[in-house]
Amino acid sequence: MTNRLLNDVEARLDELISLCTRLEKENTSLRTKETDWQQERARLIEKNELARTRIEAMIARLKNLEAES
């Protein structure tokens with residue numbers, strides 16, 4: 001019975017080690033994806049700000065043209 005118990009504990013430990021390894025890989029993958037998403041978000045915010053600035057400049061020019069008319 002002791003041998004069987006040891007085998008059960010060993011099998012459970014192997015499962016836990018395997019689970020930890022899988023979770024570590026998944027965690028690394030998720031952290032990489034998070035970094036990629038943060039970089040993409042920063043790029044999109046920058047593009048949005050550039051578009052906003054351009055649109056505001058166009059509106060200002062249109063108002064000037066309208067005022068000159």
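What counts, and where the lines are drawn
- Residues numbered from 1 in each chain as written.
- Predicted model: local features only at pLDDT ≥ 70, side-chain atom pairs only at ≥ 80, totals over all residues.
- Heavy atoms only, no water.
- Patch = residues over 30% accessible without salt bridge, like charges linked within 9 Å, V, L, I, M, F, W, Y side chains within 5 Å.
- Areas by Shrake-Rupley, 256 points an atom, 1.4 Å probe, with all protein chains shown as cover.
- Salt bridge = Lys/Arg side-chain N within 4 Å of Asp/Glu carboxyl O.
- Helix = DSSP H or I, 4+ residues; strand = E, 2+ residues; numbered from the N terminus.
- Buried < 20%, exposed > 50% of the residue type's maximum accessible area, 1.4 Å probe, protein only.

Caption draft 1: Seen up close, a nonpolar patch on the surface. On the surface, a cluster of nonpolar side chains totalling about 600 Å² of accessible area is made up of L5, V9, L13, L16, I17, L19 and L23. As for its placement among the helices and strands, L5 is situated in helix α1 (residues 2-68).

Caption draft 2: Just the pattern of salt bridges, in detail. Tallied over the entire structure, the rule returns four salt bridges. Taking the shortest distance from any N to any O, the salt bridge between R52 and E49 comes out at 2.5 Å. A residue pair is termed a helical-turn pair when its members lie 3 or 4 positions apart in one helix, as R52 and E49 do in helix α1 at three residues. Among the residues examined, R52 registers a relative accessible area of 39% and is labelled partly exposed. Judged by its relative accessible area of 36%, E49 falls in the partly exposed class. Of the charged contacts in the structure, one is a salt bridge between R52 and E56, with a shortest N-O distance of 2.9 Å. Separated by four residues within a single helix, R52 and E56 lie in helix α1, roughly one turn from each other. Judged by its relative accessible area of 45%, E56 falls in the partly exposed class. Shared partners join several salt bridges into a network, and the residues in it are E49, R52 and E56.

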